[in-house]
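Structural overview
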Amino acid sequence: MKERKATSQWLHALVLPLRISALLCASAVAVSTNTFTAETQRNAEIRRGVSDISKGDVLLSQPLTVRWRYESAVTLNLTPAFDNERIYLPLAGGAIVALKAKDGQLYWRSEMGGELSASPVADDVSIYVASETVGQPNAPAGALRALGREGGVTQWMTPLVRPLRGALTISGAKLFAGGSDGRAYAFDKHTGGVLWSIPFALVFNAQPVVKDGKVYLGSEDGTLLALDEATGRLLWRYRTQGAIHGPVAVTKDRVFFGSGDGYIYALSVDKGRLKWRKRTGAGVEAVVLTDDALLAASLDNFAYLLNLKGTMLWKKLLPGRISAQPLTVEETALFTPLSSSEGVVLGLKDGKQVNSLPTGEELTSSASPIIVGDAVILTTEHGLLAFARPVDSTSK
């Protein structure tokens, strides 16, 4: 398909990291001289879709216009990975492209074959990508790769019996993911070695969250697991009546999440005991902590803000279902309602709309919006749109 620039203890333990020599080199069109710290993409910021340097650079309430477009007819329902200056866009056919956030310039394109199976993640050295084989619909195999930042060349690859699903998560020197075979995984991000692989009678299609030595992972049957980060040992589980897709939100003593059964849940961090739940009109795909409140996005077309004791502060009807994680910056939140033609920015204080980001086409992707540098990035059916302040706009 045409694409142009414009604008995944036992037999399962046979997964073996393979060192692959970098014999082929993809060209890096432009190489940044910026220096990055060892923690350019902290886990909380990844979940919120905000790069470290961007927090003070963008106010979602201010006027934003399209700075550049990257056109492609093969985007996916996977959120792009990013670092402080680049975006790594997953595409159909097992490809990923690296783009400069400032102007959309193409750095490189890497072809892995098969199809990408989970949202990728990046740090200051590598991009970590999960894929699956095609042509085996009943039992597709999977793989996890690290691609080099400066050329997209494979640094290591770990074959997997079944593909990883949902999204990958980085915490320190580890990668975490859930597999379609019901295994929860931890990998060494430097080598691809499997640190632990724990089987469950579940199917995963969610994003793990790591906080204070625990890994939280939701499943398709509505079970939330809390695992020991070091060993994968099950600490507790809690069962709901609907699939859990989005990442949880964690405070010192509470873990919050949404379920396909239409409820927002608050559990104790230590034992996983129910503290409260709040019903919405449909499945809840995403929750985000915003200081002392909890923002929730539901498939009933409403956004909800609750205090941390479960009291409703406000709810706002949006022009479509909300399946993507909202992007929060300062006192605002950006939503990308399905079937609408614009991103909607709400003020967190009262839920009133304070801005919109017109896309010029119907939004059909469940990929979450992200911020890289001073650009707000939306994934559409036909590529990427980068919004920024008009004074910084450039013509592509």
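Residues numbered from 1 in each chain as written. Predicted model: local features only at pLDDT ≥ 70, side-chain atom pairs only at ≥ 80, totals over all residues. Heavy atoms only, no water.

With respect to the overall build of the chain
How we decide: Under the DSSP-based scheme used, a helix requires at least four consecutive residues in state H or I and a strand at least two consecutive residues in state E, with every element numbered from the N terminus. The classification of residues rests on relative accessible area computed with a 1.4 Å probe and restricted to protein chains. Under 20% of the type maximum is buried, over 50% is exposed, and intermediate values are partly exposed. Residue-level accessible areas treat just the shown protein chains as cover; the underlying method is Shrake-Rupley with a 1.4 Å probe.
Along the backbone of the chain there are 1 helix and 35 strands. With 396 residues in all, the chain has 59% of them scored as buried. Per element, the accessible surface of the chain, about 15800 Å² overall, is 51% carbon and sulfur.

A look at the sheet that holds strand 33 (residues 370-372)
Using the following cut-off: The pairing criterion for strands is at least two bridges between them, as found by DSSP. Axis lines are fitted through C-alpha atoms, for helices just across the contact stretch, and the angle between N-to-C directions can take any value from 0 to 180 degrees.
The strand order across the open sheet built from 4 strands is 2-35-34-33, with neighbouring strands paired in antiparallel fashion. On the outer flanks of this sheet lie strand 2 (65-71) and strand 33, each paired with one strand and no other. Across the sheet, the mean angle from the axis of one strand to that of its neighbour is 30°, orientation sign disregarded. The sheet contact formed by strand 2 and strand 35 (residues 383-388) spans 6 bridges and is antiparallel.

Let's talk about the environment of Y238
Test applied: Only heavy atoms enter the contact rule, under which two residues are in contact if any of them lie within 4.5 Å.
Here Y238 lies in strand 20 (residues 234-239). Residue Y238 is classed as buried on the basis of its relative accessible area, which comes to 17%. Sequence separation between Y238 and L225 is 13 residues, and the spatial gap between their C-alpha atoms is 6.7 Å. Ignoring sequence-local partners within four residues, the contact set of Y238 consists of G222, T223, L224, F257, Y265, L267, G272 and L274.

A short note on the nonpolar core
Defined as follows: To define a nonpolar core, start from buried Ala, Val, Leu, Ile, Met, Phe, Trp, Tyr and Cys residues and group those joined through side-chain atoms within 4.5 Å.
Grouped together as the largest cluster of nonpolar side chains are 17 residues, with contacts concentrated most on W68, Y70, I87, I377 and L384. For this core, the elements supplying multiple residues, two or more each, are strand 2, strand 4 (86-91), strand 5 (95-100), strand 33, strand 34 (375-380) and strand 35. Once residues lying within four places of it in the same chain are set aside, the contact partners of I87 are W68, P80, A81, F82, V97, A98, L99, A101, I370, V372, I377 and L384.

Side note on the pattern of salt bridges
Counted only if it meets this: Salt bridge, as used here, is a side-chain nitrogen of Lys or Arg placed within 4 Å of a carboxyl oxygen of Asp or Glu.
Under the criterion given, the structure shown has 12 salt bridges. The salt bridge involving R149 is made with E85; its shortest N-O contact spans 3.1 Å. Taken together, the positions of R149 in the loop between strand 11 (142-148) and strand 12 (154-160) and E85 in the loop between strand 3 (81-82) and strand 4 put the pair 64 residues apart, joining distant regions of the chain. Here E85 falls in the buried class, since its relative accessible area comes to 12%.

So, empty space enclosed by the protein
Quick note on the threshold: Whether a set of points on the 1 Å grid over the protein atoms alone is a cavity depends on a 1.4 Å probe fitting there but being unable to get out, while an open set qualifies as a pocket with protein on both sides within 12 Å along at least five of seven lines; lining residues are those with an atom within 4 Å of a point. Grid points are joined across faces, edges and corners, and a volume is the space filled by probe spheres set on the points. The residue classification treats Ala, Val, Leu, Ile, Met, Phe, Trp, Tyr, Cys and Pro as nonpolar and Asp, Glu, Lys and Arg as charged. All others, Gly included, are polar.
What the second largest cavity holds in volume is close to 50 Å³. T336, L363, S365, A367, S368, P369, L378 and T379 together form the lining of the second largest cavity. Counted by class, the lining of the second largest cavity contains 4 nonpolar, 4 polar and no charged residues.

Some points on the sheet that holds strand 5
Taken in spatial order, the 4 strands of this open sheet run 3-4-5-6, and their pairing is antiparallel. Of all the strands in the sheet, the pair left with one neighbour each is strand 3 and strand 6 (106-111). In the sheet, strand 3 pairs with strand 4 via 2 bridges, with the strands oriented antiparallel. Opposite F82, over in strand 4, you have I87 as the bridge partner.

Here's the deal with a negative patch on the surface
Spelled out, the test is: Grouping into patches uses exposed residues only, defined as over 30% relative accessible area, and leaves out salt-bridged ones; the cut-off is 9 Å for like charges and 5 Å for nonpolar side chains (Val, Leu, Ile, Met, Phe, Trp, Tyr). The sign given to each residue is positive for Lys and Arg and negative for Asp and Glu; His and the chain ends receive no count. Every charge is mapped to an atom, namely NZ of Lys, CZ of Arg, CG of Asp or CD of Glu.
Residues D291, D292, E330 and E331 make up a contiguous surface patch of negative charge. Relative to the elements of secondary structure, D292 occurs in the loop between strand 25 (284-290) and strand 26 (293-298).

Focus on the environment of D292
We classify D292 as exposed; its relative accessible area is 60%. Residues D292 and K309 lie 17 residues apart in sequence; the distance between their C-alpha atoms is 9.9 Å. Excluding anything up to four places from it in sequence, D292 contacts N307 and L308.

Here we look at the confidence of the model for the chain
Inclusion rule: The predictor attaches a confidence to each residue, and that confidence, scored 0 to 100, is pLDDT.
Averaged over all residues, the pLDDT of the chain is 87; the fraction at 70 or higher stands at 83%. Scored below 50 in pLDDT, residues 1-47 shows 122 contacts in the model against residues more than four places distant or in partner chains. Predicted confidence is poor over residues 392-396, with pLDDT under 50, and the contacts of this stretch with residues over four places away or in other chains come to 11 contacts.

Describing the pairing of strand 18 (residues 214-218)
When you tally the buried positions in strand 18, you get 5 out of 5 residues, the bulk of the element. A two-sided burial pattern is seen for strand 18, the buried positions comprising K214, Y216 and G218 on one face and V215 and L217 on the other. As defined by bridge partners, strand 17 (residues 209-211) adjoins strand 18 across 3 bridges and the pair is classed as antiparallel. Following the sheet pairing, K211 is matched in strand 18 by K214. The antiparallel pairing of strand 17 with strand 18 creates a hairpin that spans 2 residues between the two strands, and D212 there sits at a positive phi of about 50°. Across 5 bridges, the pairing between strand 18 and strand 19 (residues 223-228) is antiparallel. Bridge assignment links G218 to a residue of strand 19, and that residue is L224. Between the end of strand 18 and the start of strand 19, which pair antiparallel, lie 4 residues, with G222 showing a positive phi angle near 95°.

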